[in-house]
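Examining the three-dimensional arrangement
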Amino acid sequence: MQNALMLVVTLLLALSLPGGVKASPEPGELPVVHAVLFYSPGCPYCSEVMNDTLPPLQEQYQSQLSILLVELATLKDIDNLYSLGATFGLTKEQVAVPYLLIDQTPLIGADEINTKLAGLVKQYLATGGLDTPDIPLLNEMSTNGIDFTAYDPTQPTATQVQPVANSTGMSMAWVIMVFMLLALIISIILILRAFQGKPVPPLKKWLEISIPVLSLIGLGAAIYLTYVEITHTRAMCGPVGDCNTVQSSPYAKLFGLIPIGLVGAVGYIAILVAWLWRRTRHDSFSRIAGPVMFGMALFGTLFSVYLTYLELFVIHAVCIWCLTSAVIITVLMLLSLPQITQWLAIADEEDQSVE
């Protein structure tokens, strides 16, 4: 009877331990706590954790703390992280890097890691150590990871170099944001003047031809971003910004389904069609093709303002391709002003003649 009671107590104690906790280390073996940190190149908060938070802990616990660093290098990696977060009941909006998993507890963001990790390490060491959770997706993602003790913060890795490029991109994004807002203000003023019978004069020929040229350039950028988003490949960002952080964010898809690049591509194609229709046809639609073109460019500019706001204040990273598209669509809006103001002026004159 006594043996049966002891067996029941032992089973209850074992069941009460977290999933990855060891019951007790082997005799003479020090307990070890295992954790996994997911990070992304260009993420300043990841650099903060890897350069400021983890080194003191590693120095304090030495071999009793094992942290595996896993770089999120592709959009597929990001999707896998979203799926991993979903296993712990997290939505895409709640998942971000740095993302540290210790047992069944995800710590998200530098602040949460800074405030909670040390206490959890101490707690798990006191209970006999902690293994990495046995989750198939986690095991798959960890295959390319490196131990934190092999990480050298003095080396100019992508994680440390990218913030400089991203800082330049953020400054550029601010300039482009101001440009878009000024363009919108100018558009409003000129449209109000059109109601007073003062439309913008027609464009010169070379400016008129620049509309399809800019639309084709914007279409190329949008198609490339669509390719990146659909194939989950790394974007070519150049020395400015961090395109992959932007493209891996939840905001890279409209309603979580439609790639933003695809939305832009459809918009540029529609502007091209409207421009060609106005130039080659003489029907009822050709008379309103100019205003329609302005309306599409206006919507694209407003949407670009929203996306640039997200890059500056939510994602904290910018995409040079997105910024390029924002400039192009804003210029197209300005180039479409003569058509919309002349159409409004004529419509206003017709209304006055009827009265």
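For the structure, see preceding data.
A brief report on the enclosed structure follows. Computed from a predicted model, the values in this text were never measured in an experiment. (Residues numbered from 1 in each chain as written. Predicted model: local features only at pLDDT ≥ 70, side-chain atom pairs only at ≥ 80, totals over all residues. Heavy atoms only, no water.)

**Focus on the overall build of the protein**
Heads up, the rule is: Helix and strand assignments follow DSSP, with helices taken as H or I runs no shorter than four residues and strands as E runs no shorter than two, numbered in order from the N terminus. A 1.4 Å probe rolled over the protein chains alone gives each residue an accessible area, and that area as a share of the maximum for its type sets the label: buried under 20%, exposed over 50%, partly exposed in between. In this description, accessible areas are obtained by the Shrake-Rupley approach with a 1.4 Å probe, and a residue is regarded as covered only by the protein chains that are shown.
Tallying secondary structure elements over the protein gives twelve helices and seven strands in all. Looking at the protein residue by residue over its 355 residues, the buried ones come to 45%. Just so you have it, the protein exposes about 18300 Å², and 66% of that area is on carbon and sulfur atoms.

**Comments concerning empty space enclosed by the protein**
Cut-off, in case you're wondering: Space inside and on the surface of the protein is sampled on a 1 Å grid over the protein atoms alone, with a cavity defined as a set of points where a 1.4 Å probe fits but cannot get out and a pocket as an open set with protein on both sides within 12 Å along at least 5 of 7 lines; lining residues have an atom within 4 Å of a point. Grid points are joined across faces, edges and corners, and a volume is the space filled by probe spheres set on the points. Each residue gets one of three labels, nonpolar for Ala, Val, Leu, Ile, Met, Phe, Trp, Tyr, Cys and Pro, charged for Asp, Glu, Lys and Arg, and polar for the others, Gly among them.
For the structure on display, the rule yields one cavity of 30 Å³ or more. Quantified by volume, the largest cavity comes out at close to 120 Å³. In this structure, the largest cavity is lined by 13 residues; those nearest its centre are Val 246, Tyr 251, Ala 252, Leu 307 and Cys 322. Sorting the residues of the lining of the largest cavity by element identifies helix 7 (205-231), helix 8 (243-247) and helix 10 (284-315) as the ones contributing at least two each. The element best represented in the lining of the largest cavity is helix 10, accounting for four residues. Along the lines of polarity and charge, the residues of the lining of the largest cavity split into nine nonpolar, two polar and two charged.

**Some details on the environment of Ile 135**
Going by this rule: Two residues form a contact once any of their heavy atoms are found within 4.5 Å.
Relative to the helices and strands, Ile 135 is located in the loop between helix 4 (110-126) and helix 5 (136-141). Note: C-alpha distance between Ile 135 and Thr 87 (48 residues apart in sequence) is 9.5 Å. Setting aside residues no more than four positions away along its own chain, Ile 135 makes contact with Leu 84 and Phe 88.

**Quick word on the packing of aromatic side chains**
To describe a pair of aromatic rings, you give the distance between the ring centres and the angle between the ring planes. Let me state the cut-off plainly: Centres within 6.5 Å are what make two rings of Phe, Tyr or Trp a pair, Trp counting through its six-membered ring; a difference in plane orientation under 30 degrees is then read as stacked, over 60 as edge-to-face, and the rest as tilted.
Inspection of the entire model under this criterion finds six aromatic pairs. Ring centres of Trp 174 and Phe 313 lie 5.5 Å apart, and the angle between their planes is 90°; this geometry places the pair in the edge-to-face category. One end of the pair, Trp 174, is in helix 6 (residues 158-194); the other, Phe 313, is in helix 10, and 139 residues separate them in sequence. When its relative accessible area of 42% is taken as the criterion, Trp 174 is described as partly exposed. The interplanar angle of 5° and the centroid separation of 6.1 Å between the aromatic rings of Phe 299 and Phe 303 together place this pair among those described as stacked.

**Considering the pattern of salt bridges**
Rules: One side-chain nitrogen of Lys or Arg within 4 Å of one carboxyl oxygen of Asp or Glu is enough to make a salt bridge.
For the coordinates displayed, the defined rule picks out three salt bridges. Between Arg 278 and Glu 208 there is a salt bridge, with its nearest N and O atoms 2.3 Å apart. Within this pair, whereas Arg 278 is found in helix 9 (residues 260-280), its partner Glu 208 is found in helix 7, the two being separated by 70 residues in sequence. By the burial criterion, Arg 278 is buried, and Glu 208 matches it. The closest approach of N and O atoms between Asp 283 and Arg 281, which form a salt bridge, is 3.9 Å. Overall, Arg 281 belongs to the partly exposed group, its relative accessible area being 39%.

**Digging into a nonpolar patch on the surface**
Spelled out, the test is: Patches here are clusters of residues that have more than 30% relative accessible area and form no salt bridge, with a 9 Å joining cutoff for like charges and a 5 Å cutoff for nonpolar side chains (Val, Leu, Ile, Met, Phe, Trp, Tyr).
A contiguous nonpolar patch, built from Trp 174, Tyr 251, Tyr 306, Tyr 309, Phe 313 and Val 314 and spanning about 580 Å² of accessible area, is present on the exposed surface. Considering every element that reaches the nonpolar patch, the biggest residue donor is helix 10, with four residues. Within the secondary structure, Val 314 sits in helix 10. With relative accessibility at 34%, the residue Val 314 sits in the partly exposed group.

**Focus on the nonpolar core**
As a reminder, the rule being used: Within this scheme, the nonpolar core is defined by two criteria: the residues are buried Ala, Val, Leu, Ile, Met, Phe, Trp, Tyr or Cys, and they are joined through side-chain atoms within 4.5 Å.
Grouped together as the largest cluster of nonpolar side chains are 35 residues, with contacts concentrated most on Tyr 268 and Leu 332. Put simply, the parts of the chain that give this core at least two residues each are helix 6, helix 7, helix 9, helix 10, helix 11 (320-335) and helix 12 (337-354). Broken down by element, the residue count for this core peaks at nine residues, all from helix 6. Setting aside its immediate chain neighbours within four residues, Leu 332 contacts Ile 211, Leu 214, Ser 215, Tyr 268, Ile 271 and Ala 297. Listed in part, the 26 residues of the second largest apolar core include Val 49, Tyr 61, Leu 69 and Leu 100.

**Some thoughts on the packing of helix 10 against helix 11**
To be explicit about the condition: Here the axes come from fitting lines to C-alpha atoms, over the contacting stretch only for helices, and the angles between their N-to-C directions go from 0 to 180 degrees. When describing relative orientation, an angle under 35 degrees is termed roughly parallel and one over 145 degrees roughly antiparallel, while 65 to 115 degrees is termed roughly perpendicular and anything else oblique. Two helices crossing with the near one rotated counterclockwise from the far one by less than a right angle form a left-handed crossing, whereas a clockwise rotation gives a right-handed crossing.
It is at 8 Å that the axes of helix 10 and helix 11 come closest, and there the two elements cross at 150°. In terms of orientation, helix 10 and helix 11 fall into the roughly antiparallel class. Considering how the two elements wind past one another, helix 10 and helix 11 form a crossing that is left-handed. For the pair helix 10 and helix 11, contact is made by Phe 294, Ala 297, Leu 298, Gly 300, Thr 301, Ser 304, Thr 308 and Glu 311 and by Cys 322, Leu 323, Ala 326, Ile 329, Thr 330, Leu 332 and Met 333, respectively. Looking at the contact of helix 10 with helix 11 residue by residue, the class counts come to nine nonpolar, five polar and one charged.

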